[in-house]
Amino acid sequence: MTGINDIISHVNQSYFTKPNRYTISIVGNYGATIVPDAPRNVTFNCSQVTIPGLNVGMASHRKYGIGVPTFVPSGKTFTECTLSFYESEKMEERKYFSEWVSNIMDPVTGRLNYFDTNKKDIKITQYNIKNQIVYECIMRECFPSNISPSDRSYAAENTLSQFVVSLQFRRLDETFIN
């Protein structure tokens, strides 16, 4: 039987992931990609990241068309990924994502560019307390779907300016490292 001392010992041995030990990178060129890789100073200012979740769609099914319906898997979708950034003095982080969004649709003609010219891979790497990689996920064929507003206020003298980018992607490759 597990006692309270066993639980405390387990917790004290740091078997849990620390959510502040991560890095991100935005890379990958597909064909004629016009979006450059994110500079290190942009990814370094990522203050928070949401590792995407998975959803399994369900469909109602009746065996031979009769009886009580059961639910069976019908597909897989992903939740969006969100990245929060501190804004540097020259706002390089916002500029990078704003230019990416501008490349998706021509601001003058309103025409959409080809998807292949606007997608990038985003890799999230999780580390343990010994700085060893324990998890990596690569979101394939990403593009920003939303850039949040940034608040400005005279009362916010001792705070850092932040904004959030929401990303959509086509495929998720996860690696769990023992």
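Presented here is an overview of the structure given in this document. (Residues numbered from 1 in each chain as written. Predicted model: local features only at pLDDT ≥ 70, side-chain atom pairs only at ≥ 80, totals over all residues. Heavy atoms only, no water.)

### Structural notes on the pairing of strand β7 (residues 133–147)
Phase 1: Sheet analysis places strand β6 (residues 120–127) next to β7, joined by seven bridges and oriented antiparallel. When the bridges of β7 are listed, Tyr127 appears paired with Ile133.
Phase 2: Alignment of β7 against strand β9 (residues 171–176), held across six bridges, turns out to be antiparallel. Within β9, the residue paired with Glu136 across the bridge is Thr175. (Pairing = 2+ DSSP bridges. Helix = DSSP H or I, 4+ residues; strand = E, 2+ residues; numbered from the N terminus.)

### Describing the pattern of salt bridges
Phase 1: Counted under the stated rule, the structure contains eleven salt bridges.
Phase 2: Glu136 serves as the salt-bridge partner of Lys123, at 3.7 Å between the closest nitrogen and oxygen. Here Lys123 is found in strand β6, whereas its partner Glu136 is found in strand β7, with 13 residues between them in sequence.
Phase 3: Look at Glu136 and you get buried, because its relative accessible area is 18%. (Salt bridge = Lys/Arg side-chain N within 4 Å of Asp/Glu carboxyl O. Buried < 20%, exposed > 50% of the residue type's maximum accessible area, 1.4 Å probe, protein only.)

### Some thoughts on the nonpolar core
Phase 1: Counting 25 residues, the largest nonpolar core has Leu83, Phe85 and Phe97 as the members making the most contacts within it.
Phase 2: Elements with a contribution of two residues or more to this core: β1 (22–27), β2 (46–49), β5 (81–86), α3 (92–104), β6, β7 and β8 (162–168).
Phase 3: Those residues within four positions of Phe97 in sequence are excluded, and the remaining contacts are Ile26, Val42, Leu83, Phe85, Ile147, Phe163 and Val165. (Core = buried A, V, L, I, M, F, W, Y, C linked by side-chain atoms within 4.5 Å. Contact = heavy atoms within 4.5 Å.)

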